[in-house]
Amino acid sequence: MSSQQYQIPDENTKNYGVLLNKKDDLQVVEIPMPTPAADEVQVQVKATGICGSDIHLWKYGEIGIFPVTQPQLLGHESAGIVTALGEGVTTLRVGDRVAIEAGIPCSKCAQCMAGRYHLCPVVVFKSTPPYDGLLAKYCTHPARWLHKIPDNVSFEQGALLEPLSVAISAIERSGATFGRSLLITGAGPIGLIVLAVAKATGISPVVITDVQPSRLQYAKEMGADYIYQVDPKKPDYEAAKEIRDLVGGEGTEFTLECTGIESSFRTAIMATRDAGVCCLVGVGKNDQSLPVNNFAMREVDIKGLFRYHHTYPRAIALMASGKLNIDHLITHKYDIMDALKAFNTAADYSTGAIKVQITN
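The residue numbers shown here count from 1 along each chain, following its written sequence. Side-chain atom pairs in this predicted model are given and counted only at pLDDT of 80 or more, local residue features only at pLDDT of at least 70, and totals for whole chains, interfaces and linings cover all residues. Here the side-chain values reflect all heavy atoms present in the structure, with hydrogen atoms and water set aside.

Visitor: What am I meant to see in the overall build of the protein chain here?
Guide: Labels follow the DSSP assignment, with helices taken as runs of H or I lasting at least four residues and strands as runs of E lasting at least two, numbered in each case from the N terminus. Along the protein chain, the regular secondary structure elements total ten helices and 20 strands. Each radius of gyration reported is based on C-alpha atoms, and the globular scaling rule is 2.2 Å times the count of residues to the power 0.38. Relative to the 2.2 N^0.38 estimate, which gives 21 Å for 360 residues, the radius of gyration of the protein chain is 20 Å and therefore close to what a compact globule would have. On the principal axes, the C-alpha backbone points of the protein chain span a range of 65 × 40 × 40 Å. Residue exposure (1.4 Å probe, protein chains only): buried if accessible area is under 20% of the type maximum, exposed if over 50%, otherwise partly exposed. The 360 residues of the protein chain split such that 53% are buried. Whether two residues touch is decided by their heavy atoms; if any such pair falls within 4.5 Å, the residues are in contact. For the protein chain, restricting intrachain contacts to residue pairs at least 6 apart in sequence, the fraction spanning at least 24 positions comes to 69%. In short, Shrake-Rupley with a 1.4 Å probe defines the accessible areas, and a residue's cover is counted only from the protein chains shown. When the accessible area of the protein chain is evaluated, it comes to approximately 15900 Å², of which 51% is carbon and sulfur surface. Charge counting follows a simple rule: Lys and Arg are positive, Asp and Glu are negative, and His as well as the terminal groups are ignored. A charged residue contributes its charge at one atom only: NZ of Lys, CZ of Arg, CG of Asp or CD of Glu. For the protein chain, the distance from the average site of its 33 positive side-chain charges to the average site of its 38 negative ones is 2 Å.

Okay, structure coming up:
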């Protein structure tokens, strides 16, 4: 690792972060240089992706059941270089290139002990209120939740490992496997990464929906077998029938709803084959109206997904193997000092942005 790629901070090094003061109030501010506690390391963050949840926190002051209650840093899709070690850290060295797994569970409760550490009731997930995120020049993080990345995985790719983890988890949670049909509703970054993983896994045929023709064209170029443009004025049951007809009239065996939008979730349920599985991946309104008898009387299983667990090692191996190319989803990059431009680009559909990253 060339020392030119990272800077070990001294007393003159300034640290900056992207701070959400409150709804609609985002700014780049100077913040203290963090010192790693025992079992932690200091990381110079080299690349961070902007997630839809970051945009939602900025624009609406909440994400799902988590409202913004105090000023906080945003960002949870990050990779960087270790620049200092806290006491007791033996697994990493200064100069190691790492991807940051943003959730820090207690590792003691029943969920953690059962291996479902993502459901730990006291998990500290970076950037989910009230916890600070990773959008800073330097941060600290427990060594246990950092994953070394090989030299052939760039920092930008390292920052894609977080949404890739969501996609891997979504497909596993649904149960979709080789040669089975899948509907993906929503061709945003998560929907498109789900598509990439589905194609790499041999899931087929894959149908993807969106309201934006440009996103659907992109999905087609990525290998979607069928694309369906959503007309917001069309009743959901009509849209569901048209989607079912794309795959012979029965619907898909598995569906991953990647928008969180009520009308999309309703369509997703109705487009799922009898005795199939529909899993909600996107985060939308806390309370939604769903076609209960439609899924109950057809024995469609409705599942939820919350983040991921045990995905990073596999995601890194997949990225390093070259079998999964999702780099093209990074459409824009900005320096951390231009973070406000980055957020405005990510929030504006007319820019054609898919994944916007902030680099340092």
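Once you've had a look at it, read on.
Visitor: Help me understand the nonpolar core in this model?
Guide: In globular proteins that are soluble, nonpolar side chains generally tend to be buried together. Membership of the largest hydrophobic core comes to 66 residues, with the highest contact counts inside it found for Leu161, Leu164, Leu192, Leu195, Ile208, Leu256 and Ile326. The biggest single contributor to this core is helix α3 (residues 155-174), with ten residues. With near-sequence residues (within four places) excluded, Leu192 lies in contact with Ala187, Ile208, Arg215, Tyr218, Ala219, Met222, Leu329 and Ile354. As used in this record, nonpolar core signifies buried Ala, Val, Leu, Ile, Met, Phe, Trp, Tyr and Cys residues forming a set joined through side-chain atoms within 4.5 Å.

Visitor: Mind showing me how you'd approach the sheet that holds strand β2 (residues 25-31) here?
Guide: Strand order in the open sheet made by the three strands is β2-β1-β6, with antiparallel pairing throughout. Where the open sheet ends on each side, the last strands, each with one partner, are β2 and β6 (72-73). Relative to β6, strand β1 (residues 15-22) runs antiparallel, the two being bridged by two bridges. The residue of β6 that forms the bridge with Leu20 is Gln72. Angular values range over 0 to 180 degrees, each being the angle between N-to-C directions of two axes fitted as lines to C-alpha atoms, with helices fitted over their stretch in contact. Docked against the sheet, helix α10 (residues 339-347) engages β1 and β2, running at close to 150° with respect to β2. Any two strands between which DSSP finds at least two bridges are classified as paired.

Visitor: How do you make sense of the environment of Ile330 when you look at a structure like this?
Guide: With respect to the helices, strands and loops of the structure, Ile330 is situated in strand β19 (residues 330-335). Accessibility expressed as a relative area gives 15% for Ile330, which makes it buried. Distance in space between the C-alpha atoms of Ile330 and Pro189 is 9.3 Å, their sequence separation being 141 residues. Among residues more than four places away in sequence, those in contact with Ile330 are Glu156, Leu160, Lys355 and Gln357.

Visitor: Help me understand unusual backbone geometry in this model?
Guide: Trans peptide bonds make up most of the peptide bonds, and negative phi angles are found at most residues other than glycine. Geometrically, the link from Pro129 to Pro130 is a cis peptide bond, its omega value of 5° lying close to zero. Residue position: Pro130 is located in the loop between β10 (124-125) and β11 (138-142). Pro205 follows Ser204 through a cis peptide bond whose omega is -5°. Residue position: Pro205 is located in the loop between α4 (189-201) and β14 (206-210).

Visitor: Hey, could you run me through α3 in this one?
Guide: Each α-helix winds once per 3.6 residues, and so residues spaced three or four apart point in a common direction. If you check α3, its first and last C-alpha atoms are 30 Å apart, about what 20 residues at 1.5 Å a residue would give, namely 28 Å. Of all the bends found along α3, the most pronounced is centred on Glu162 and spans about 35°, while Pro163, a proline, follows it within four residues. Counting buried residues in α3 gives 17 out of 20 residues, a clear majority hidden from the surface. How far a helix is expected to stretch is found by multiplying one less than its residue total by 1.5 Å. We define the bend at each residue as the angle formed by axes fitted to the 7 residues ending at it and the 7 residues starting at it.

Visitor: Is there a simple way to think about the packing of helix α6 (residues 236-246) against helix α7 (residues 262-271) in this case?
Guide: A pair of packed helices can be characterised by two numbers: the angle between their axes and the separation between those axes. At a minimum axis distance of 8 Å, the contact between α6 and α7 shows a crossing angle of 45°. Put simply, α6 runs oblique to α7. For the pair α6 and α7, the sense of crossing is right-handed. Across the interface between the two elements, Asp236, Tyr237, Ala239, Ala240, Ile243 and Arg244 from α6 touch Ser263, Arg266, Thr267, Met270 and Ala271 from α7. Here the residues of the contact of α6 with α7 sort into six nonpolar, two polar and three charged. By definition in this entry, angles of less than 35 degrees are roughly parallel, angles greater than 145 are roughly antiparallel, angles of 65 to 115 are roughly perpendicular, and the rest are oblique. A crossing counts as left-handed when the near helix is turned anticlockwise from the far one by less than a right angle, and as right-handed when that turn is clockwise. Ten residue types, Ala, Val, Leu, Ile, Met, Phe, Trp, Tyr, Cys and Pro, are classed as nonpolar, four, Asp, Glu, Lys and Arg, as charged, and the remainder, Gly among them, as polar.

Visitor: What's the story with the environment of Gly64 in this structure? I'm lost.
Guide: Following the sequence through the fold, Gly64 ends up in the loop between β4 (62-63) and β5 (66-67). Note: C-alpha distance between Gly64 and Leu324 (260 residues apart in sequence) is 30 Å. Look past the residues within four positions of Gly64 in its chain and what remains in contact with it is Val283 and Asn286.

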